[in-house]
Amino acid sequence: MAPEIARPGLQWFNVAAPLPIASLRGRIVILDFWTEGCINCIHIIPTLRRIEERYPDKVVVIGVHSPKFANEKNAASVKDAIRRYEIHHPIIHDPKMTIWTAYGVQAWPTLVVIGADGSVLGQIPGEPDPDRLVGAIDNLVAQSESAKTLQPAQLKLEPLVEPKGRFLFPGKLKPLPGAQKQWVLADGGHNQIVVLDDKGAELSRYGNGEAGFVDGTADKARFNHPQGLIASNDAIYVADTENHAIRKIDRATGTITTLAGTGKRGLVLSVTQPGKTTALASPWDLELKGDQLFFANAGTHQLGVLNLKTDDVEQLAGSGAEAITDGPAAEATLAQPSGLSISHDRNTLYFADSESSAIRSLSLGADPRVTTIVGTGLFDFGWINGDFHTARLQHPLGVTVDGKNLLLVADTYNSAIREIDLSKHVVTDFDGGAYTCHDPVCIPTREPAGITVADADRILLVDTGNHRIEEYRPSAKSYHTWAR
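Just so it is clear, the model here is predicted, and its values are computed rather than measured. (Residues numbered from 1 in each chain as written. Predicted model: local features only at pLDDT ≥ 70, side-chain atom pairs only at ≥ 80, totals over all residues. Heavy atoms only, no water.)

## Here we look at the state of the cysteines
Okay, so step 1: Applying the stated criterion to the full structure yields one disulfide.
Okay, so step 2: Across a sulfur-sulfur distance of 2.2 Å, C437 and C442 are joined as a disulfide pair. With the S-S dihedral at roughly -95 degrees, the linkage between C437 and C442 falls on the left-handed side.
Okay, so step 3: Judged by its relative accessible area of 40%, C442 falls in the partly exposed class. (Disulfide = S-S within 2.5 Å. Buried < 20%, exposed > 50% of the residue type's maximum accessible area, 1.4 Å probe, protein only.)

Given below as C-alpha cells:
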C-alpha cells in the first residue's frame with residue numbers, strides 16, 4: 001500500500017490542508033517527484049496538466065517537491081516555481097526528502113502511480129513520452145471504471161495568487177541595435193517580448209499575452225514563456241522556451257514567424273535538418289554570429305545552431321548525455337545550458353551550464369572544443385570564491401562578457417552576481433559585493449536569470465524573482481531598480 005504523504009512538518013501549497021493518502025481512495029493518484037530547476041521535471045508539467053483537465057474528478061496529481069540544490073529547500077523559492085510554471089495541483093514541499101525515501105525514488109523526475117484501492121501500481125523514472133503517459137492513464141481509468149473501484153470526487157484547490165506588475169518572472173535582457181540605446185526583454189510570465197528605452201521605459205510589446213504557438217502580428221501572435229533572445233539590426237530572435245521553438249520578430253513590420261521547432265519537445269540534435277520540421281527542447285537563450293544563431297537547447301543538454309541563410313539546425317556541442325565532461329564539441333557532455341554570451345572577438349561562446357553549476361566555453365574555430373572554466377559535477381555547488389578549481393556557483397542561468405578578460409554571472413540560486421577573471425583564474429563576488437541600495441524600499445535580489453553590460457559603468461541584472469531589472473553602478477558602488 002502507498003506510504004503516507006501527509007507527514008508532520010511538511011508544507012503544502014494549492015490546498016487548504018494536507019491530504020492523507022487514505023482520503024484519496026477511489027481515485028487514481030499520480031505523485032510527481034520533482035525539483036524546480038530540473039528541465040525534465042519542467043517538461044512533464046504540461047502533460048500532467050492534460051491529465052488533470054481530462055479527469056478532474058478521477059485522477060489526482062500531487063507534486064512532491066524533493067530539492068536537489070540548497071536554495072530549493074527554501075519554501076519561498078518553491079512558491080515562485082509554482083507560480084512561474086502555473087502549477088495548480090497540490091504541492092508538498094519535502095526539503096528532507098522523507099516521502100522520496102519512503103517510496104524508494106532514485107531520480108528526478110519520477111512519477112509514482114497509485115490505484116484507486118490505495119496500492120502502488122508502479123514507478124516511471126525519467127521523462128515519459130507525453131502521449132504514451134496519457135494513454136496509460138486512459139487505460140487505467142477505464143479498467144478502474146470497469147472494476148467499479150472509482151469514486152469520483154474533485155479536489156477543492158486554492159492556487160497561489162499570481163503576482164501583479166509590469167513584468168512577471170522576466171528572463172534575459174539584451175541590447176537592441178540602433179541609433180538610440182534600447183533593450184529587449186523576455187517577459188516570460190506574460191508570454192511577451194518587451195522593448196525598453198535606456199531609462200527602462202516601455203516602448204512596445206510583442207505577443208498578445210496568452211500562452212500559445214501562433215505566428216502573426218505583434219498583437220495577435222502568441223509565445224509560451226520565452227526565456228531568451230538576441231537582436232540584430234532587422235530582427236529580434238526569441239527562444240520560445242515552452243513552445244520548444246525559435247521565433248523571429250521582424251523589426252520593420254512587427255510580424256512574428258517561426259524559424260525552428262514544431263511546438264513539441266524534441267530529441268537529441270545531431271545532423272543538419274530543416275529548422276521548421278525539427279523539434280527542439282526548451283531553447284533557453286540565444287547568441288548571434290553572422291548568419292549563425294546559436295541556441296542553448298536545455299532540454300537535450302546541448303548547444304545548437306540555426307543557419308539563418310538555409311533555415312537548417314544542427315548540433316553545435318553536447319552529445320545529449322547529462323554530465324560535465326570536456327573535449328571535442330560533439331563528444332562533450334553538458335547539463336542544461338541556460339545562458340549564452342559571445343566573446344568580443346566572436347571566437348568563443350561562453351555558456352552557463354546550470355545543472356552542473358558551471359560556466360563553460362566553446363571555441364568556435366575549425367576544431368570546436370568545450371572547456372569548463374568553473375564547475376566540477378552535477379552535485380557540486382555552493383557559494384565559494386577562489387581559484388577555478390575550488391570556486392563554486394549554484395545553478396547559474398546567466399553569463400555576460402565584461403571587458404576582455406572578465407565574465408559576470410547571474411548566480412541564480414545564490415541570488416548574486418559573481419565575477420570570473422579569466423586572466424587571474426579566480427572567482428569573486430562582483431566588485432567585492434559591497435553595494436548600497438538607493439531604492440525608497442530596498443528588497444534583496446532573488447534568483448536573477450539574466451545579466452548584461454550596459455556600458456563601462458552600468459550593469460543590468462534581471463531580478464527574476466522580484467519581477468524587475470536592477471541597475472548597478474560600479475563607480476558609485478550602488479544599485480537601484482531600473483525597471484519594474
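Picking up after the structure, the text goes on.
## Description of the sheet that holds strand β15 (residues 273-274)
Okay, so step 1: Spatially, the five strands line up as an open sheet ordered β15-β19-β18-β17-β16, and their pairing is antiparallel. The two strands at the open ends of the sheet, each matched to only one other strand, are β15 and β16 (283-289).
Okay, so step 2: Here strand β18 (residues 302-307) runs beside strand β19 (residues 312-317); their pairing, made up of five bridges, is antiparallel. Counted as the bridge partner of L303 is A317 from β19. (Pairing = 2+ DSSP bridges. Helix = DSSP H or I, 4+ residues; strand = E, 2+ residues; numbered from the N terminus.)

## Structural notes on the pairing of strand β8 (residues 182-187)
Here is the key point about a regular strand: its side chains alternate between the two faces of the sheet.
Okay, so step 1: With six of six residues buried, β8 lies mostly within the body of the structure.
Okay, so step 2: Bridge count for strand β7 (residues 173-176) against β8 is four bridges, and the pairing is antiparallel. Its bridge partner being in β8, K174 is matched across the sheet by V184.
Okay, so step 3: In this structure, β8 lies alongside strand β9 (residues 192-197), joined through six bridges in antiparallel fashion. Looking at the pairing, L185 lines up with V194 of β9.
Okay, so step 4: In sequence, β8 turns back onto β9 through a hairpin of four residues, with N191 there showing a positive phi of about 55 degrees.

## Description of empty space enclosed by the protein
Okay, so step 1: Tallied over the full model, the rule gives four cavities of 30 Å³ or more.
Okay, so step 2: Estimates place the volume of the largest cavity at around 210 Å³.
Okay, so step 3: Lining of the largest cavity is provided by 17 residues; of these, R84, Y85, W284, H395 and L397 occupy positions nearest its centre.
Okay, so step 4: Looking at the lining of the largest cavity, its residues break down into eight nonpolar, six polar and three charged. (1 Å grid on protein atoms, 1.4 Å probe; cavity = no way out; pocket = protein on both sides within 12 Å on 5 of 7 lines; lining within 4 Å. Points joined across faces, edges and corners; volume = space filled by probe spheres on them. Nonpolar A, V, L, I, M, F, W, Y, C, P; charged D, E, K, R; others polar.)

## Digging into the nonpolar core
Okay, so step 1: Counting residues in each nonpolar core, the largest one holds 22 residues, and the members touching the most others are I5, L31, F33, I62 and Y103.
Okay, so step 2: For this core, the elements supplying multiple residues, two or more each, are β2 (28-34), β3 (59-65), α3 (98-102) and β5 (110-114).
Okay, so step 3: Not counting chain neighbours up to four residues away, the residues in contact with L31 comprise I5, I62, V64, Y103, T110, L111, V112 and I114.
Okay, so step 4: Counting 17 residues, the second-largest nonpolar core is a separate cluster that includes L48, Y55, I137 and L150. (Core = buried A, V, L, I, M, F, W, Y, C linked by side-chain atoms within 4.5 Å. Contact = heavy atoms within 4.5 Å.)

## Points about the environment of L269
Okay, so step 1: As for its position among the elements, L269 is in the loop between β14 (256-260) and β15.
Okay, so step 2: Those residues in contact with L269 that lie beyond four places of it in its chain are T278, L280, F295, N297, Q302, G304, E314 and Q315.

Honestly, it's all geometry; don't read function into it.
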